[in-house]
Amino acid sequence: MNGDPTLERIAQGEGLALCAAGNWTARFAPALERIVSDAEKLRGSRTHFFIDVSQVASLDTFGAWLIERLRRSLSDASAEAKIAGLSANYSSLVDEVSRVGPAPTVDSTSLSLTGMLEQIGLTVVGIGGTIVSLVDMLGAVIAAAGNVLIHPRTFRLASTVHHLEQVCWRAVPIVVLITFLIGCIISQQGIFHFRQFGADIFVVDMLGVLVLREIGVLLVAIMVAGRSGSAYTAELGSMKMREEIDALRTMGFDPIEVLILPRMLALVLALPILAFLGAMAALYGGGLVAWLYGGVDPEAFLLRLRDAISIDHFIVGIVKAPVMAAVIGIVACVEGLAVQGSAESLGQHTTASVVKGIFFVIVMDGVFAIFFASIGM
């Protein structure tokens, strides 16, 4: 009478009828769990089960799932369980719950040779899919850029300036600080080891060449991949989850031209600027440590730096920057558009964006090192 859930048992020969009544809702979850758990132990040698729900006063998803769970637990190769007495209000709910398949079983056995080869094959296919997606995105961005060149009115200057501020201007403090500290560390370690051979001054050569050619642009690109690349993926992924990108297509706009091209252009313009500022900060930090720790006067440091480096070292570093920026942007946008409709998917693709961005940046740095060595720069 008070609406508490009940499950009456009525024996019918080799069968058993279970008559449910009361409120089968989440409010009565503890009682329902006990009732269903006790009923699941009744199978024995019976071959037919009927679950009558005609007297159920109210039913929600929790209750419907418990009824479906009871039906599944009583059914096997030799026994059959049926649900009867469903009202029109609850039949669709129970039908929807019944479509939910069982959770996939995880094979906990040791890996076999076939399983290992299968995993290797899936990994190779995944790598191939990633490369195809990157090439596809590169082509789409180039096509969108060509369309903007043909129709300059479609270029979104305000969006580009906004992203340039986010990627470049707001990143200057952290980039300058970290590169300054790295320059200090390289200088201190170089002086510490070179001093054993009386060659303290050669730390200037090492610092100048290393910062301008390699460490400066590589370190800044890694920071940009972690900071701006993850932001791009999160932004595009959130838009994908809220179906804003589909809405743009419905209104006749190209998402590549509206969302991705301004971000790519801002990144390509920002990274050379950040790389230059980072290199200057690293050289300044290295010179400061060489003066305070190594006793190298600032004037001597600058004279030695001028003799140790050439314009080629600066060009090598700056040429790498826009290419690395394009790689970071393409990876970030591909991962952002691959996000599905869950927060877990957003987190996974944001992590993948940072990892893949840093990986491809290092790969590109190696490719550039081989290229410039082959042409004598």
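Residues numbered from 1 in each chain as written. Predicted model: local features only at pLDDT ≥ 70, side-chain atom pairs only at ≥ 80, totals over all residues. Heavy atoms only, no water.

A word on the sheet that holds strand β3 (residues 48–59)
Think of a sheet as strands paired side by side through backbone hydrogen bonds, with each pair either parallel or antiparallel.
Phase 1: The strand order across the open sheet built from four strands is β1-β2-β3-β4, with neighbouring strands paired in mixed fashion. The open sheet has two free edges, formed respectively by β1 (6–12) and β4 (80–84), since each of these has just one partner strand. Pairwise comparison of adjacent strand axes, ignoring direction, gives a mean angle of 20° for this sheet.
Phase 2: In this sheet, β3 lies alongside strand β2 (residues 15–24) in parallel orientation, the contact comprising nine bridges. Counted as the bridge partner of Leu-18 is Ile-51 from β3.
Phase 3: Together, β1, β2, β3 and β4 form the strand contacts of helix α2 (residues 61–74), whose direction differs from that of β3 by roughly 175°. (Pairing = 2+ DSSP bridges. Helix = DSSP H or I, 4+ residues; strand = E, 2+ residues; numbered from the N terminus. Axes fitted to C-alpha atoms, helices over the stretch in contact; angles between N-to-C directions. Contact = heavy atoms within 4.5 Å.)

Topic: the nonpolar core
Phase 1: Residues Leu-7, Leu-18, Trp-24, Leu-59 and Leu-70 are the most contacted members of the largest nonpolar core, which totals 26 residues.
Phase 2: For this core, the elements supplying multiple residues, two or more each, are β2, α1 (29–39), β3, α2 and α3 (88–98).
Phase 3: With residues near it in sequence (within four places) discarded, Leu-59 still touches Trp-24, Thr-25, Ala-64, Ile-67, Tyr-90, Leu-93 and Val-94.
Phase 4: Judged by nonpolar contacts, the second largest core, of 24 residues, contains Val-175, Leu-218, Val-224 and Ala-266. (Core = buried A, V, L, I, M, F, W, Y, C linked by side-chain atoms within 4.5 Å. Buried < 20%, exposed > 50% of the residue type's maximum accessible area, 1.4 Å probe, protein only.)

Comments concerning the packing of aromatic side chains
Phase 1: Scanning the entire structure with this criterion turns up five aromatic pairs.
Phase 2: A ring pair is formed by Phe-368 and Phe-372, whose centres lie 5.8 Å apart and whose planes are at 15°; its orientation type is stacked. Placement of the pair is Phe-368 and Phe-372 together in helix α12 (residues 343–374), with a separation of four residues, close to one helical turn.
Phase 3: Take Phe-368: its relative accessible area is 12%, and that puts it in the buried class.
Phase 4: Relative accessible area serves as the criterion here: at 5%, Phe-372 is assigned to the buried category.
Phase 5: Aromatic ring contacts, followed pair by pair, group Phe-368, Phe-371 and Phe-372 into a single cluster. (Phe/Tyr/Trp six-rings, centres within 6.5 Å; stacked < 30°, edge-to-face > 60°.)

Purely spatial values, then, with no claim about function.
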